[in-house]
Amino acid sequence: MSTEPKTVAQYTAIGGATVTIAEQSGFIDIDIPTEHAVRCNGCDATHLEDWGFDVWHDEFGTGPQPHFDSTGEHSLPAARAWAQEHADTCRALPTA
């Protein structure tokens, strides 16, 4: 990925692990965030919420993106819900 993930939120699981939501680019050549990635550092469970970026839409993603949630605000509630549900049930201990 071209950009470093930016942490948006973290949840503590009942086992002590951390479930992290981060904004990241889901594409190698795209330097803007295009998805929320959720990861548990205890059991390594992951979940992605795509923002609707279409790399094939127009000139390999450089043109207008009519269905792209450029701030991720519409996919964040789903990412938060998944992270919260996972944190409520994961009993894994944090890995190093």
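Structure report, in brief. (Residues numbered from 1 in each chain as written. Predicted model: local features only at pLDDT ≥ 70, side-chain atom pairs only at ≥ 80, totals over all residues. Heavy atoms only, no water.)

**Digging into the nonpolar core**
Link 1 in the chain: Among the nonpolar cores identified, the biggest contains 15 residues, and Tyr11, Val19, Ile21, Val38, Cys40 and Ala83 are the most heavily contacted of them.
Link 2 in the chain: Elements that contribute at least two residues to this core include exactly β1 (6-12), β2 (18-24), β3 (35-40) and α1 (76-89).
Link 3 in the chain: Per-element tally for this core: the top contributor is α1, with 4 residues.
Link 4 in the chain: Membership of the second largest hydrophobic core comes to 5 residues, among which are Ile30, Trp51, Phe53 and Val55. (Core = buried A, V, L, I, M, F, W, Y, C linked by side-chain atoms within 4.5 Å. Buried < 20%, exposed > 50% of the residue type's maximum accessible area, 1.4 Å probe, protein only. Helix = DSSP H or I, 4+ residues; strand = E, 2+ residues; numbered from the N terminus.)

**Details of the pattern of salt bridges**
Link 1 in the chain: Here the structure, examined in full by the defined rule, presents 1 salt bridge.
Link 2 in the chain: Its salt-bridge partner being Arg39, residue Asp44 comes within 2.6 Å of it at the nearest N-O pair.
Link 3 in the chain: Take Asp44: its relative accessible area is 44%, and that puts it in the partly exposed class.
Link 4 in the chain: Taking relative accessible area as the criterion, Arg39 reaches 40% and is therefore assigned partly exposed. (Salt bridge = Lys/Arg side-chain N within 4 Å of Asp/Glu carboxyl O.)

**Some details on the sheet that holds β2**
Link 1 in the chain: Spatial strand order, β1-β2-β3-β4: 4 strands in an open sheet with antiparallel pairing. The open sheet is flanked by β1 and β4 (46-50), the only strands paired with a single partner. With strand direction ignored, the average angle separating the axes of adjacent strands in the sheet is 15 degrees.
Link 2 in the chain: Bridge count between β2 and β3: 6 bridges; the pairing is antiparallel. Of the residues in β3, the one forming a bridge with Ala22 is Ala37.
Link 3 in the chain: Against the sheet, α1 touches β1, β2, β3 and β4, its axis set at about 30 degrees to β1. (Pairing = 2+ DSSP bridges. Axes fitted to C-alpha atoms, helices over the stretch in contact; angles between N-to-C directions. Contact = heavy atoms within 4.5 Å.)

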